[in-house]
Amino acid sequence: MEPGHPAVAALPGRGPVKAGLASGWDSLLLPALGASLLLFLLPQALFVKNSLYAPLGFGRIGDELTLQNFGRVLTDSLFLYSFRLTAYLSFLVAVVAILLGFPLAYFIARSQSRWRSLLVTLLVVSSFITVVIKSLGLIVILGGSGPVNRVLVGAGLVERPLTLLNNQFGVVVGLLHYTFPLMALVLLSVVQTIPASLEEAAEVMGAPRRRVFTRILLPLCLPGVLAGGLMVFNMSMGAFTSAALLGGGRVPVLPILIQRKIISEVNYPMGATMSVLLLVAVVALNVLAVWLLGRFRRLSAGMRGTL
Amino acid sequence: MTTRRRWGLAAVVVAIYAFLLAPFVVLALSSLSGGEAYYISFPPRGLSTRWYLAIPASYLRSFAVSVAIGVASALAAGLLGVAAALGIVRGRYRRKELLKAFFRAPLQIPLVVSGVVFLQFYYVLFGLTGVRLLESFTGLLLAHVFISLPFVVGTVCAVLEKFDRRLEEAAYSLGASRWTTFRRVTLPVIRPGVFAGMLYAFIVSFGNVPVSLFLVGPRLTTLPVDLFYSMEYDFNPSILALSTLVVVFSVLTILLLQRLMGMDVLVRAGAKE
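Each chain carries its own residue numbering, running from 1 in the direction its sequence is written. Here chains are named by letter from A upward and ligands by number from 1 upward, in the order in which they appear as written. Totals for whole chains, interfaces and linings use all residues, but because this is a predicted model, local features are given only for residues with pLDDT of at least 70 and pairs of side-chain atoms are given and counted only at 80 or more. Working from all heavy atoms in the structure, the side-chain values ignore hydrogens and water.

**Remarks on the overall build of chain A**
Then comes step 1: Each helix corresponds to a stretch of at least 4 residues labelled H or I by DSSP, and each strand to a stretch of at least 2 residues labelled E; elements are numbered beginning at the N terminus. Helix and strand counts for chain A stand at 14 helices and two strands.
Then comes step 2: Its C-alpha radius of gyration of 26 Å places chain A more than 25% over the 19 Å reference for a compact globule of 307 residues.
Then comes step 3: Along the first, second and third principal axes, the C-alpha atoms of chain A reach 75 × 65 × 40 Å.
Then comes step 4: Here chain A, with 307 residues, has 49% of them falling under the buried criterion.
Then comes step 5: In this description, contact between two residues means that some pair of their heavy atoms is separated by no more than 4.5 Å. Pairs at least 24 apart in sequence give 68% of the contacts found in chain A among residues at least 6 apart. Put simply, the radius of gyration uses C-alpha atoms, and a globule should come to 2.2 Å times the residue count raised to 0.38. Relative accessibility decides the category of a residue: with a 1.4 Å probe and only protein chains considered, values under 20% of the type maximum give buried, values over 50% give exposed, and everything between is partly exposed.

**As for the packing of aromatic side chains**
Then comes step 1: Pairing of aromatic side chains requires ring centres within 6.5 Å, counting the rings of Phe and Tyr and the six-membered ring of Trp. Pairs whose planes differ by under 30 degrees are stacked, by over 60 edge-to-face, and all others tilted. What the rule picks out here adds up to 18 aromatic pairs over all chains.
Then comes step 2: For the pair F63(B) and F206(B), a centre-to-centre distance of 6.3 Å together with 80° between the ring planes defines the contact as edge-to-face. With F63(B) in helix α3 (residues 57-90) and F206(B) in helix α8 (residues 178-206), the pair connects residues that are 143 residues apart, well separated along the chain.
Then comes step 3: On the basis of relative accessible area, F206(B) is assigned to the buried category, the value being 2%.
Then comes step 4: Here the aromatic residues F128(A), F63(B), F202(B), F206(B) and F249(B) are joined through ring pairs into a cluster of three or more.
Then comes step 5: Residue placement shows R90(B) over the ring face of W25(A); its charged tip is 4.8 Å from the ring centre. Cation placement over rings: the criterion is NZ of Lys or CZ of Arg within 6 Å of the ring centroid and within 35° of the ring normal.

**Notes on the interface of chain B and chain A**
Then comes step 1: With 93 residues of chain B in contact, the opposing surface of chain A contributes 98 residues.
Then comes step 2: Of the roughly 8500 Å² buried between chain B and chain A, counting both surfaces, carbon and sulfur atoms make up 78%.
Then comes step 3: Two parts placed together each lose some accessible area under a 1.4 Å probe, and the buried area is that loss summed for both. It is Y17(B), Q120(B) and Y172(B) in chain B that bury the most area against chain A; as a group they hold 8% of the surface buried on that side.
Then comes step 4: Any Lys or Arg side-chain nitrogen located within 4 Å of an Asp or Glu carboxyl oxygen qualifies as a salt bridge. On the surface where chain B and chain A come into contact, there are one salt bridge.
Then comes step 5: As a salt-bridge pair, D26(A) and R92(B) come within 3.7 Å of each other at their nearest N and O atoms.
Then comes step 6: Whenever a nitrogen or oxygen atom comes within 3.5 Å of another N or O atom, the pair is scored as a polar contact, on the condition that within protein one atom can donate a hydrogen and the other can accept it, and that pairs from neighbouring residues in sequence are kept only if both atoms are in side chains. Applying the counting criterion to the chain B and chain A interface returns nine residue pairs in polar contact (both at pLDDT 80 or more).
Then comes step 7: A total of 15 residues in the side of chain B that touches chain A trace back to one element, the largest contributor, which is helix α1 (residues 3-31) of chain B.

**Comments concerning the side chain of E135(B)**
All names here are of chain B.
Then comes step 1: Along the chain, the position of E135 falls in the loop between α5 (111-129) and α6 (137-161).
Then comes step 2: The exposure class of E135 is buried, given its relative accessible area of 18%.
Then comes step 3: There is a polar contact of 2.8 Å between the side chain of E135 and the backbone nitrogen of R219.
Then comes step 4: When residues no more than four places from it in sequence are discounted, the contact partners of E135 are L215, V216, G217, P218, R219 and L220.

**Focus on the nonpolar core**
Side chains of nonpolar character tend, in soluble globular proteins, to be buried together.
Then comes step 1: By convention a nonpolar core is built from buried Ala, Val, Leu, Ile, Met, Phe, Trp, Tyr and Cys residues, the set being connected through side-chain atoms within 4.5 Å. Counting residues in each nonpolar core, the largest one holds 153 residues, and the members touching the most others are L104(A), F103(B) and L215(B).
Then comes step 2: In terms of residue count, the dominant contributor to this core is helix α9 (residues 168-192) of chain A (15 residues).
Then comes step 3: Domain borders in the structure are assigned automatically or taken from a domain database. When we break this core down by domain, the ones giving at least three residues each are domain 1 (1-48) and domain 2 (59-270) of chain B.
Then comes step 4: Core analysis: the second largest hydrophobic core is formed by nine residues, L138(A), V140(A), L165(A) and V26(B) among them.

**Points about the environment of L99(B)**
Then comes step 1: With respect to the helices and strands, the residue L99(B) is situated in helix α4 (residues 96-108).
Then comes step 2: The exposure class assigned to L99(B) is buried, which follows from its relative accessible area of 15%.
Then comes step 3: Aside from chain neighbours lying at most four places away, what touches L99(B) is L29(A), L33(A), I88(B) and Y93(B).

**Some details on the packing of helix α7 (residues 131-142) of chain A against α9(A)**
Residue and element names in this part refer to chain A.
Then comes step 1: Between N-to-C directions, angles span 0 to 180 degrees; the directions come from axes that are lines fitted to C-alpha atoms, helices contributing only their stretch in contact. Axis separation between α7 and α9 bottoms out at 10 Å; the angle between their running directions is 135°. Considering the angle they form, α7 stands oblique to α9. In this structure, α7 meets α9 at a crossing whose hand is right-handed. Here α7 contributes V131, K134, L138 and L142 to the contact with α9, which in turn contributes V173, G174, H177, Y178 and P181.
Then comes step 2: Grouping the amino acids of the contact of α7 with α9 by side-chain chemistry returns six nonpolar, two polar and one charged. Comment on the angle field: the value is read as roughly parallel under 35 degrees, roughly antiparallel over 145, roughly perpendicular from 65 to 115, and oblique elsewhere. Handedness of a helix crossing follows the sense of rotation of the near helix relative to the far helix, less than a right angle counterclockwise being left-handed and clockwise being right-handed. Classification convention: Asp, Glu, Lys, Arg as charged; Ala, Val, Leu, Ile, Met, Phe, Trp, Tyr, Cys, Pro as nonpolar; all other residues, Gly among them, as polar.

**A closer look at a nonpolar patch on the surface**
Residue and element names in this part refer to chain A.
Then comes step 1: A surface patch of nonpolar side chains, about 400 Å² in accessible area, is lined by L285, L288, W291 and L292.
Then comes step 2: Within the secondary structure, L285 is located in helix α14 (residues 268-306).
Then comes step 3: By relative accessible area, which is 37% here, L285 ends up partly exposed. To count toward a patch, a residue needs a relative accessible area above 30% and no salt bridge. Like charges then connect within 9 Å, nonpolar side chains (Val, Leu, Ile, Met, Phe, Trp, Tyr) within 5 Å. Accessible surface is estimated by sampling points in the Shrake-Rupley manner with a 1.4 Å probe; for residues, cover comes only from the protein chains shown.

Here you go:
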């Protein structure tokens, strides 16, 4: 609108409309920024500092800064095993979540039936329910006399009930149940942005289904799929509940080790040291993944440019 | 898509939903078991509501605490998050991507680490000022706002970036004050994003164990932590009944929200990035 427009001129004391609406937004950021700095950087700093004191037992800590905790943790074979185990299980859960989530998201995104909204609602309901209750239900299902084992034994597929709990299998199932609904919702939003007409065009031109998938769907979805996988990996690395309940204390992932150090052993410096290492590893992996994704995006944008 | 392939895909989808929903169905069935057994019996032996009547009152208290903290976190994260998103998207900041990354950072911190961080922070704060945040509502709330804020900032930023500013210009040029313009034009347009973010803020807070675990105590605890300790140390079948009630509560809440805000909100809630 022109500044001299009657509608604007009729409002005395008002400058140009755009300028009038443009100012003053900056300060809105301040409350959240202040709160985040206070709740984020300050505690993190304190926490990293805490990992540098020597534990003296019974919750007391030394008063000199030292790196000895890191030395002790990094040479502790249980910690190193736990670290590898946590990363391995999280990676496994992320891969399975992608492999199961993508077909599901694709099905929902392309479905025009009246079931569609029900399917989405069920995903939201499942993500709404606390992981403790999910784990309890899974314990009933996977238990020695649970329905899964009854069916397997009843059908004569196995002689004795399988051990599906208190081991890595149970933990993976639990983590999958915890992260899957969110993963499916993220993937759904990714697939939804890809018009079905693109696939139809390729099919009309005679591309076989597999080629439509590898040349159209996969490249377009890959950044979103990897971002979703990263989210599942992050969630699993920090997940304590499902590992504790379905692992029955026999799958010592890092969150469990940290919780034991702090709550059972009241060893804050060692707990903090382990937490710092977990945090550093996860953040480093995320930075690496985001960097790779950025490179991939530039690469595919460049390729599109040459076509 | 060929018919055979479509049926194959549908079978996979049914299997996935069976996996997702089975725990809740099984819980509901075993909670109705009438046996004297003090362990889980599935399929249930006889039908009875005795375990529902045996739910200890302490669980109801922690349930109330969880709901209150969830609602308070959603409201606080909603207010802070909407303001922050407006500031990021519309302010004259140069490094907007950096600001967004900063607000996303809590999502990358393993939850159990956040729990430890807040525990130590509250210890130090208590030592320095005498303010006691451990085992307090405020302390839990602060930690929960921290982990749920990214969801609101993320969804609201996404909506604001697509916002057509000409709508506001029209209102403002016709004489609406800036506050009226915001209330009557901006807010209705961004509302789905705000609700989606707040819904996720509530979910993240309501179900949380790894952060709350470090901050609660006998005097104040949340339902997930209460249930967690019961399962670890003193299981009894009334936990099944209580869990079933929480599942029913969650389903009703979702249905209510859906009725109030529309399907769109739920889909958007998942598409937070």
